[in-house]
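Each chain, written out:
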Amino acid sequence: MKPTHLIAAAVGVALSATAAFADEWNMPVPYSDSVFHTQNIYKFAEDVEKSTDGKLTIKVHSAGSLFKHPEIKNAVRSGQVPVGEFLLSRLSNENPVFSVDTLPFLATSYDAAEKLWNVSRPKIEALLDQQGLKVLYAVPWPPQGLYTKKDVNELADLKGLSFRAYNAGTEMLADKAGMAPTQVEAPDVPQAFATGRVDAMITSPSTGVSSKSWDFVTNYYDTQAWLPKNIVVVNKKSFRRLDKDVQEAVLAAAARAEKRGWEMSKAETSAKTKTLEEHGVKVSKPSPLLAEELNAIGQAMAAEWLKEAGKDGLEILRDFKG
Ligand code: PCA
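Residues numbered from 1 in each chain as written. Predicted model: local features only at pLDDT ≥ 70, side-chain atom pairs only at ≥ 80, totals over all residues. Heavy atoms only, no water.

Once that is clear, we can look at the overall build of the chain. Per the secondary structure count, the chain includes 10 helices and 11 strands. Taking 322 residues into account, the globule formula puts the C-alpha radius of gyration at 20 Å, and the chain, at 22 Å, falls close to it. For the C-alpha atoms alone, the extent of the chain along its principal axes is close to 85 × 45 × 30 Å. Here the chain holds 322 residues, and the buried ones make up 52% of them. (Helix = DSSP H or I, 4+ residues; strand = E, 2+ residues; numbered from the N terminus. Rg over C-alpha atoms; globule rule 2.2 N^0.38 Å. Buried < 20%, exposed > 50% of the residue type's maximum accessible area, 1.4 Å probe, protein only.)

Structure representation (structure tokens):
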């Protein structure tokens, strides 16, 4: 063999050896790099690479760049990608159980959110398992507050506004408050406000900061309405193809990511609320009247949810309250 052929053969062997022992997973996520969920996922990817000695690497595709948010779950389900992240309550059209964490004023603190996750997790895991999906972990956003372009003292002040929604629950809330909802993905929020498509939203201080909400709103009402979760799922077939030790390392890294993510979320809440204030957004508690009116909407939504969620819903609420 000529020396060049020898080199080509050696490279070939090296490549096939890598192919046999190392996997690279593409991971679509909906939110941008500056968002703490995405930063936590980068850390998770690093952790997986380190703890598997490079046998599995995860390439993160942020801000809906590989698959748009509404497509991510099915992309993982069909095996187009092995792993992905999405907002859990986006699946509420499949089963209301997926949106228990967006019922207004049901779970409004981190302790309550943790309890709600613990009691709903087995049912959520079972439902996703039927679709060939395995839950790796879930992390909540900070409590949700109201962003507006004017002072709002009561629900009537919101009437007729166009409202940015991010799931069916926020759409329903807008309807009940006399607003017109429009679905807008988080990375598109600044554009939607700038072009006048929307004038109000309910989201976390994190999303208020990552979308530079001070460019288009004046007020943030800290309503602490609910803590919606992002979930990370893996395609079960892709997972099973990994060596046992790699599977275990992924699960261990996922457990660490869940713990770290909840801590990051807690720290975000006050830090990002402060950032809003520093940029001139008027941060306040809702007036007692507004709080009461929003609470009434929450009660109505919970009653409707319970009708649809049936036995599973009842059991989750019983265990949550018990
Ligand atoms: N941010 C996401 C979902 C909830 C949140 O706090 C969003 O606004 O799209």
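Pairing within the open sheet is mixed, and its 6 strands lie in the order β7-β6-β8-β5-β9-β11. In the strand order of this sheet, the two ends are held by β7 (180-183) and β11 (282-284), each with one partner. Averaged over all adjacent pairs, the angle separating strand axes in this sheet is 25°, with direction ignored. Sheet analysis places strand β5 (residues 145-148) next to strand β9 (residues 219-221), joined by 3 bridges and oriented antiparallel. Paired with Thr148 across the strands is Asn219, a residue of β9. Seen against the sheet, helix α9 (residues 244-278) touches β5, β9 and β11 and runs at an angle of roughly 135° to β11. (Pairing = 2+ DSSP bridges. Axes fitted to C-alpha atoms, helices over the stretch in contact; angles between N-to-C directions. Contact = heavy atoms within 4.5 Å.)

All right, on to the packing of helix α5 (residues 168-176) against helix α10 (residues 288-321) then. Each packed pair of helices is defined by two parameters, the angle between the axes and the distance between the axes. Where α5 contacts α10, the two axes come as close as 10 Å, and the packing angle between them is 125°. Considering the angle they form, α5 stands oblique to α10. For the crossing formed where α5 meets α10, the hand is right-handed. Contacts from Gly169, Met172, Leu173 and Lys176 in α5 reach Ile297, Ala300, Met301 and Glu304 in α10. (Parallel < 35°, antiparallel > 145°, perpendicular 65-115°, else oblique. Left-handed = near helix turned anticlockwise from the far one by under 90°.)

Right, let's get into the site of the ligand. Tyr31, Trp141, Gln144, Arg164, Tyr166, Ala186, Thr203, Ser204, Thr207 and Pro228 make up every residue found near the ligand. A distance of 2.7 Å separates a nitrogen atom of the ligand from a polar atom in the side chain of Thr207. Protein coverage of the free-state accessible area of the ligand, which is 260 Å², stands at 99%. For the shell around the ligand, the residue count by class is 5 nonpolar, 4 polar and 1 charged. (Near = heavy atom within 4 Å. Polar contact = N/O pair within 3.5 Å; in protein donor to acceptor, adjacent residues only side chain to side chain. Areas by Shrake-Rupley, 256 points an atom, 1.4 Å probe, with all protein chains shown as cover. Nonpolar A, V, L, I, M, F, W, Y, C, P; charged D, E, K, R; others polar.)

Summary statistics for the chain give a mean pLDDT of 95 and a share of 93% for residues scoring 70 or more. Note that pLDDT drops below 50 for residues 1-19; the model gives that stretch 1 contact with residues more than four away or on any other chain. (pLDDT = per-residue confidence, 0-100.)

This part covers the environment of Val217. With respect to the secondary-structure elements, Val217 resides in the loop between α7 (205-210) and β9. Judged by relative accessible area, which is 6%, Val217 ranks as buried. The spatial distance from the C-alpha of Val217 to the C-alpha of Asp319 is 39 Å, given a sequence separation of 102 residues. If we ignore the near neighbours within four places in the chain, the residues touching Val217 are Tyr147, Thr148, Lys149 and Phe193.

Quick look at the pattern of salt bridges now. Pairs may arise between side chains of opposite charge once their charged atoms sit close together. Throughout the structure, instances matching the rule amount to 17 salt bridges. In this structure, Asp245 and Lys55 form a salt bridge, with 2.9 Å as the shortest nitrogen-oxygen distance. Of the two residues, Asp245 sits in helix α9 while Lys55 sits in the loop between α2 (36-51) and β2 (56-61), which places them 190 residues apart along the sequence. By relative accessible area, which is 28% here, Lys55 ends up partly exposed. Its salt-bridge partner being Lys285, residue Asp222 comes within 3.4 Å of it at the nearest N-O pair. Pair noted here: Asp222 is in the loop between β9 and β10 (229-235) and Lys285 is in the loop between β11 and α10, with a separation of 63 residues, a long-range link. (Salt bridge = Lys/Arg side-chain N within 4 Å of Asp/Glu carboxyl O.)

The method is simple in principle: a probe with the dimensions of a water molecule rolls over the atoms, and the space it marks as empty is what remains. Per the counting criterion, the structure on display carries 3 cavities of 30 Å³ or more. Put simply, the largest cavity is a space of about 70 Å³. Around the largest cavity, the lining residues are Tyr31, Leu87, Trp141, Gln144, Arg164, Tyr166, Ala186, Thr203, Thr207 and Pro228. Residues that form the lining of the largest cavity fall into these classes: 6 nonpolar, 3 polar and 1 charged. Size it by volume and the second largest cavity reaches roughly 60 Å³. Within the lining of the second largest cavity, the residues separate by chemical class into 10 nonpolar, no polar and 2 charged. (1 Å grid on protein atoms, 1.4 Å probe; cavity = no way out; pocket = protein on both sides within 12 Å on 5 of 7 lines; lining within 4 Å. Points joined across faces, edges and corners; volume = space filled by probe spheres on them.)

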